[in-house]
Amino acid sequence: MKFVDDRILTLFKRNAHHTLTYWSVFFSFGLCIAFLGPTILDLQCQTQSTLSQITWVCFAQQFCLLIGSSVGGVFKRTLFSALAALFISALIISVIFAIIPLCTSVLVLAIAMAVSGLAMGIIDTIANIQLVTIYQKDSAVFLQALHFFIGFGALVSPLIADPFLSEKGCGNHTANESIPLHHFRNMLRNSPTVQHDYISHDAWVEESIVKYAFWIMALINLPVPIATLYLMYREQLIPCCPSGNPRLLDKDELAMENQQGSEGGPDVEHKEHEAGGHRDIFSCCQNGNLRELPVSFFMIHILGGMVLFMTDGIVGAYAGFVYTYAVQSPMALPHKTAGYLASIFWAAITAGRLLSIPLSYRFQPMRLLVLNLAGAIVTVLMLLIFYTSSVFLFVGTCLCGLFLSSIFPCMLAYTEDILDYQGCATPVLVTSAGMGEMMMQVLVGSIIQTKGSYSFPLCGMIVACIGFVLFIGLLLFHRMHRNYLTGTKKKSTMVEDATAEHNGQRRKAAAESTAAVGPQKN
């Protein structure tokens, strides 16, 4: 039995250059999203800011990521604008990495991170839309691989930064602040705890070598915009550098035409090509035919977005607070031991996305979603029951990462398939997932602070159950939407049959009239 059939391989070969480029820009996304955590205290010393001030840098990045995700669909109107936006966004990420060591003010740092967040959001939306547009009903496998590269970049970034992190805090903290900052540093670095001897800011600046970590990440990311620029050159989208090779777009359109020709002919292909992702959230809302669409069309968007709001919210909250939960009572793990939990969680997410690539080929996205959501609920329930078991905390962290890893790409493929690739679902789902990841961290963090560490798995259980209920609602509206499309198709067929029968009767009557008039003339 073949691992992948010839049709999938043929599609990939015809679109390999595009696909590999989109995968590479998602590596930039993952590289940029994970570096801030382990380096945040070094950046705090660099900008001479307080911990509460430096947290606004994280908020600025996440907020602009949402903006970029929302408006990213605007750049999908043509292939040139899509690739140009990806090129500029990937280049911006390298530039931001290079200038971060020069940001001595927290405001300047926040602006730099906001710009990087905007670039990340644009990358997120465009890459997802492009792959869905190219592969259509076969996009689930390639979306799983796409999101694997986020996890891969998120693993590489802390590994690069860790050897360059300073072991001494700077002297802009009071004695009362040193203990919680030391605790927070261990949570973010996921590395063995050490005793910090705080030194003056000027001495820290002279001794700090964290700038080299950012410059290394800038160099590692630099091939990504170069690869995107080369794709534009191959596509003959750079006016000053014409290429003699045939455009890849022509081959992609030929592949899509061959794939869809048997399903509906050129008209269907043209319709799907025009509808396939050429919109953003705002243009979808301005569609003049909204009144003609059924309620199920809107509810599928809403419920799909809410499911990802919950599940990606769990991902963000778990990665951010599993260390805090582990070191507090009743778990009370040593800081050195608890420091590995976040790394295990991200490693499980990366492995889960890699494992989901062959699974997406063998199983429909709906079945994988049911399995993943149910598995996440069971895992969090077990964490809630065995809340004093440190062994199961590590096992549960691994399982939680595995089950949550592929929910987003499966939901994206499933929802776009329901809506026949109208192009509005991708930006809605991407934005909803980002909002959930940002807001759920704030909500869970405040609840843990007021109610205690036991509320951490309890919040995860409640949110996971809400997500599963919303998914059940999505399945119901999927059935309603399918019945609506079936009824519309039958009605259209009946009208066409009636029109054909009426035209046939008219032709028959005209023929009889002509036959009757003919003998009289003779």
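Residues numbered from 1 in each chain as written. Predicted model: local features only at pLDDT ≥ 70, side-chain atom pairs only at ≥ 80, totals over all residues. Heavy atoms only, no water.

## Focus: the overall build of the chain
Inference 1: For the chain, the helix and strand inventory stands at 21 helices and zero strands.
Inference 2: Split into buried and exposed, the 522 residues of the chain put 52% on the buried side.
Inference 3: In the chain, the share of contacts with a sequence separation of at least 24, taken over all contacts with a separation of at least 6, comes to 83%.
Inference 4: Of the accessible surface of the chain, which amounts to about 24000 Å², a share of 66% is contributed by carbon and sulfur atoms. (Helix = DSSP H or I, 4+ residues; strand = E, 2+ residues; numbered from the N terminus. Buried < 20%, exposed > 50% of the residue type's maximum accessible area, 1.4 Å probe, protein only. Contact = heavy atoms within 4.5 Å. Areas by Shrake-Rupley, 256 points an atom, 1.4 Å probe, with all protein chains shown as cover.)

## A closer look at helix α6 (residues 106-135)
Inference 1: With 30 residues, α6 ought to run about 44 Å at 1.5 Å a step, and its terminal C-alpha atoms sit 43 Å apart, in line with that.
Inference 2: Positive backbone phi, approximately 50°, marks Gln 136, located one or two places after α6. (Expected span 1.5 Å × (residues − 1).)

## Here we look at a nonpolar patch on the surface
Inference 1: Taken together, the side chains of Leu 91, Val 95, Ile 99, Leu 102, Leu 219, Leu 222 and Ile 226 present a nonpolar region at the surface, about 620 Å² in accessible area.
Inference 2: With three residues, helix α5 (residues 79-99) is the single largest residue contributor to the nonpolar patch.
Inference 3: With relative accessibility at 35%, the residue Leu 222 sits in the partly exposed group. (Patch = residues over 30% accessible without salt bridge, like charges linked within 9 Å, V, L, I, M, F, W, Y side chains within 5 Å. Salt bridge = Lys/Arg side-chain N within 4 Å of Asp/Glu carboxyl O.)

## Structural notes on the packing of α5 against α6
Inference 1: At their nearest, the axes of α5 and α6 sit 9 Å apart, and the two run at 145° to each other. Crossing of α5 over α6 shows left-handed handedness. Counting all contacts with α5, which are made through Leu 79, Ala 82, Ala 85, Leu 86, Ser 89, Ala 90, Ile 92, Ile 93 and Ile 96, the residues of α6 involved are Ala 112, Val 115, Ser 116, Ala 119, Met 120, Ile 122, Ile 123, Ile 126 and Gln 130.
Inference 2: Each residue belonging to the contact of α5 with α6 can be placed in one class, and the counts come to 15 nonpolar, three polar and no charged. (Axes fitted to C-alpha atoms, helices over the stretch in contact; angles between N-to-C directions. Left-handed = near helix turned anticlockwise from the far one by under 90°. Nonpolar A, V, L, I, M, F, W, Y, C, P; charged D, E, K, R; others polar.)

## A closer look at the packing of aromatic side chains
Inference 1: Using the criterion set out here, one finds 18 aromatic pairs in the structure.
Inference 2: Where Tyr 325 meets Phe 456, the ring centres are 5.2 Å apart and the plane angle is 35°; that geometry is what we call tilted. Of the two residues, Tyr 325 sits in helix α14 (residues 295-327) while Phe 456 sits in helix α21 (residues 455-521), which places them 131 residues apart along the sequence.
Inference 3: Following the ring pairs from residue to residue traces out a cluster consisting of Phe 12, Trp 23, Phe 27, Tyr 135, Phe 142, Phe 148, Phe 149 and Phe 152. (Phe/Tyr/Trp six-rings, centres within 6.5 Å; stacked < 30°, edge-to-face > 60°.)

## Some words on the environment of Cys 424
Inference 1: Here Cys 424 is to be found in the loop between α19 (407-418) and α20 (425-451).
Inference 2: Overall, Cys 424 belongs to the buried group, its relative accessible area being 6%.
Inference 3: Spatially, the C-alpha atoms of Cys 424 and Gly 73 are 8.7 Å apart, while their sequence positions differ by 351 residues.

## Some details on unusual backbone geometry
Backbone geometry follows two general trends: most residues other than glycine have a negative phi, and most peptide bonds adopt the trans configuration.
Inference 1: Note the cis peptide between Ser 329 and Pro 330, where omega equals 10°.
Inference 2: Tracing the sequence through the fold places Pro 330 in the loop between α14 and α15 (335-338).
Inference 3: Its identity is not glycine, yet Ala 332 carries a phi of approximately 50°, on the positive side.
Inference 4: Looking at the secondary structure, you find Ala 332 in the loop between α14 and α15.

## Considerations on the packing of helix α2 (residues 16-34) against helix α11 (residues 223-234)
Inference 1: Contact pair α2 / α11: the axes reach a minimum separation of 9 Å and the direction vectors enclose 155°. Viewed along their axes, α2 and α11 adopt a mutual orientation that is roughly antiparallel. Here α2 and α11 pass one another in a crossing that is left-handed. When α2 is examined against α11, the residues His 17, His 18, Thr 21, Ser 24, Val 25 and Ser 28 are found in contact with a partner set consisting of Val 224, Ala 227, Thr 228, Tyr 230, Leu 231 and Arg 234.
Inference 2: Residue composition of the contact of α2 with α11, grouped by class: five nonpolar, six polar and one charged. (Parallel < 35°, antiparallel > 145°, perpendicular 65-115°, else oblique.)

## Things to note about the side chain of His 478
Inference 1: Mapping His 478 onto the fold places it in helix α21.
Inference 2: On the accessibility criterion, His 478 (18% relative accessible area) is buried.
Inference 3: Beyond its immediate sequence surroundings of up to four residues, His 478 is in contact with Ile 300, Tyr 414 and Ile 418.

## Focus on helix α18 (residues 390-405)
Inference 1: Over its 16 residues, α18 runs 23 Å from end to end, which matches the ideal 22 Å to within 8%, given 1.5 Å per residue.
Inference 2: Buried residues of α18: Phe 392, Leu 393, Gly 396, Thr 397, Cys 400, Gly 401, Leu 404 and Ser 405, and no others.
Inference 3: As for α18, its buried residues are in contact with α14, α16 (341-362), α17 (365-385) and α19.
Inference 4: Capping the start of α18, Ser 389 holds a side-chain oxygen 3.2 Å from the backbone nitrogen of Phe 392, two or three residues further along. (Polar contact = N/O pair within 3.5 Å; in protein donor to acceptor, adjacent residues only side chain to side chain.)

## Overview of the environment of Phe 35
Inference 1: Its place among the elements puts Phe 35 in the loop between α2 and α3 (36-47).
Inference 2: Taking the C-alpha atoms as reference points, Phe 35 and Leu 155, 120 residues apart in sequence, are found 9.3 Å from one another.
Inference 3: Setting aside residues up to four positions removed in sequence, Phe 35 forms contacts with Phe 97, Ile 100, Met 113, Ser 157, Phe 214 and Met 217.

## Considerations on the side chain of His 301
Inference 1: Topologically, His 301 is positioned in helix α14.
Inference 2: Looking at His 301, the relative accessible area reads 10%, which means it is buried.
Inference 3: Those residues within four positions of His 301 in sequence are excluded, and the remaining contacts are Leu 419, Cys 424, Ala 425, Val 428 and Leu 429.

## Examining the confidence of the model for the chain
Inference 1: The predicted model of the chain has a mean per-residue pLDDT of 76, with 72% of residues at 70 or higher.
Inference 2: In the predicted structure, residues 246-279 sits below a pLDDT of 50 and forms 58 contacts with residues beyond four places in sequence or in another chain. (pLDDT = per-residue confidence, 0-100.)

## What about the environment of Gln 44?
Inference 1: Inspection of the secondary structure assignment puts Gln 44 in helix α3.
Inference 2: Judged by its relative accessible area of 2%, Gln 44 falls in the buried class.
Inference 3: Sequence spacing of Gln 44 and Thr 104 is 60 residues, and the spatial spacing of their C-alpha atoms is 9.4 Å.

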